[in-house]
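# Chain and residue survey
Below, each chain spelled out in residue letters.
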Amino acid sequence: MRLENSSYEVLYPVIAIMEDGVKQMNVCFLLTHVPNPRMNKRIEVFKNIASTKVICTRRASQNIWEPSQDVEHIIFDIDLPSAKHIVKRYAVSQGFQKKALNKLEEIKPNIIYAEGLDSLIIAGKYKKDHNVKVLFEVADLRENYIVRPKKLANRIITDALLRKEKKAFKNVDYLVVTSPKFYDMHYKDLISKERMLFIPNAPDAEIFKNYKKKEGGTFTVGFIGGIRYLKQMKMLVDVANEVGFDVLFAGAGGTSSEYDEIRKYCEGRKNITFTGRYNYDTEIAGLYGKVDCVFSVYDADNLNVRIALPNKLYESIICELPIIVAKGTYVSELVEQYGVGVAVSHVDKNDFEQVMRRMKDDLDYRLMFAKKCKEYKDSQNNITTINDLERMALDR
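Report follows, based on the coordinates. Residues take numbers from 1 onward in each chain, read along the sequence in its written order. Restriction of local features to residues with pLDDT of at least 70 applies here, the model being predicted, together with a cutoff of 80 or more for giving and counting side-chain atom pairs; totals for whole chains, interfaces and linings are based on all residues. Calculated side-chain values reflect all of the structure's heavy atoms, with hydrogen atoms and water omitted.

Another aspect to go through is the pairing of strand 10 (residues 272-276). Along strand 10, the buried face is formed by Ile-272, Phe-274 and Gly-276; none of Thr-273 and Thr-275, which line the opposite face, is buried. Here a strand pair is declared whenever DSSP counts at least two bridges between the two strands. Secondary structure elements are taken from DSSP: a helix is a run of H or I of four residues or more, a strand is a run of E of two residues or more, and numbering for both begins at the N terminus. Bridging between strand 9 (residues 246-250) and strand 10 involves four bridges; their strand directions are parallel. Counterpart to Val-247 in the pairing with strand 10 is Ile-272. Per-residue accessibility, obtained with a 1.4 Å probe over protein chains only, is compared with the maximum for each type, and a residue is labelled buried under 20%, exposed over 50%, and partly exposed between these values.

Another point: the sheet that holds strand 13 (residues 341-344). Taking strand neighbours across the sheet as the criterion, the six strands line up as 10-9-8-11-12-13 in an open arrangement whose pairing is parallel. In this open sheet, the two edge strands, each paired with only one partner strand, are strand 10 and strand 13. On average, each strand axis in the sheet is tilted by 25° relative to the strand beside it, whichever way the strands run. In this sheet, strand 9 lies alongside strand 8 (residues 220-224) in parallel orientation, the contact comprising five bridges. Each bridged residue has a counterpart across the sheet, and for Val-221 the counterpart in strand 9 is Val-247. Interaxial angles span 0 to 180 degrees and are taken between N-to-C directions of axes, which are lines fitted to C-alpha atoms, for helices over the stretch in contact.

A few words now on the side chain of Glu-115. With respect to the helices and strands, Glu-115 occurs in strand 4 (residues 111-115). Residue Glu-115 is classed as buried on the basis of its relative accessible area, which comes to 9%. At 2.8 Å, the side chain of Glu-115 forms a polar contact with the side chain of His-33. Polar contacts here mean pairs of N or O atoms no more than 3.5 Å apart (in protein, one a potential hydrogen donor and the other a potential acceptor; neighbouring residues in sequence count only if both atoms are side-chain atoms).

Before going further, it helps to spend a moment on the environment of Gln-94. One can find Gln-94 in helix 3 (residues 86-107). Distance in space between the C-alpha atoms of Gln-94 and Asp-118 is 9.0 Å, their sequence separation being 24 residues.

Right, let's talk about the sheet that holds strand 6 (residues 174-177) for a bit. Across the sheet, which stays open at both edges, the seven strands sit in the order 3-2-1-4-5-6-7 with parallel pairing between neighbours. One side of each edge strand has no neighbouring strand; the edge strands of this open sheet are strand 3 (72-76) and strand 7 (196-198). Along the sheet, successive strands turn relative to each other by an average axial angle of 20°, direction set aside. In the sheet, strand 6 pairs with strand 7 via three bridges, with the strands oriented parallel. Residue Leu-175 lies in a different strand from strand 7, and its bridge partner there is Met-196. Should any heavy atoms of two residues lie within 4.5 Å, those residues are counted as being in contact. Its contacts with the sheet place helix 2 (residues 37-47) against strand 1 (26-30), strand 2 (51-57), strand 4 and strand 5 (133-138), and it is angled at close to 175° to strand 4.

Right under this line is the structure:
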């Protein structure tokens, strides 16, 4: 079976349109963070067909990734505040804007691939005086874009952001989303569906070619990725102690403070292991080979969580491991429909504990999920898993 990154098949036709009549393609990724594994998949596509550079910031509070693609990375050490502190972030981002625009003038890109409103505004300013195409990717949706804030001050700020976004979107040639729900719930009013590209956050087949499934040993639940939503992480730790299984936390925190907090919470617990940061391309398969079950329960009170499609969904199916997700989410609908895991309450520890007791003690139960994962991968006449999963989401 062929498992491959669908970034290629989705982006190539668009690139062919954009490069028509262009003698030399110069592409610049404009990001407010060092590229993560998802963004590296996009960089991989462009670097094979065009001169590609990355302009980004390194944020001390979210210093999770290191450059992994062999393209030039122009990294500014600017610690942008989180979106929760939007006024402060706007002020700090002015410094990034000036430096990024100067670099864009040097690079002279034909295509800018942006992520984050800060970057999109910069791309728009550059586009005013240059013939450049802009792709904009969204992997998270601000909750206050959909649910009106209760406080007047927050409503005023949100309305200002929405006006800025609407203006900035006039410069977007193509919107890339990792969940079609993002488009349905917000971006449908900003760009036509013909210019929306859905690219699931699924891995490259090559990365998992040496994957070996864990056999025997202590039952281990893995949380593999950036550590955030600490209430759910602490619930996992508490249930692990009560039920008696090991937990592997692989990855840094969404912020340094989150990582420090969960490490402190786990002090003295011998059944909890932290790996810290890892190289996705070289280490992800080995990490999945250390676990029996994948934990992907986030705060389902958060709208973005309810409609997102996390990369753990694709990785767990490829590795034929059961995945635990939060009830009331888009991903839980898919998990239950295809029988590849279980949905639990994101706040009820007893609900989660009941599921984990059976998951730990009942091998046949785990094998049932493994079988469902394999059946899904082998279904539909061996069409790629990535394509299957993309169609699975779009058909709903």
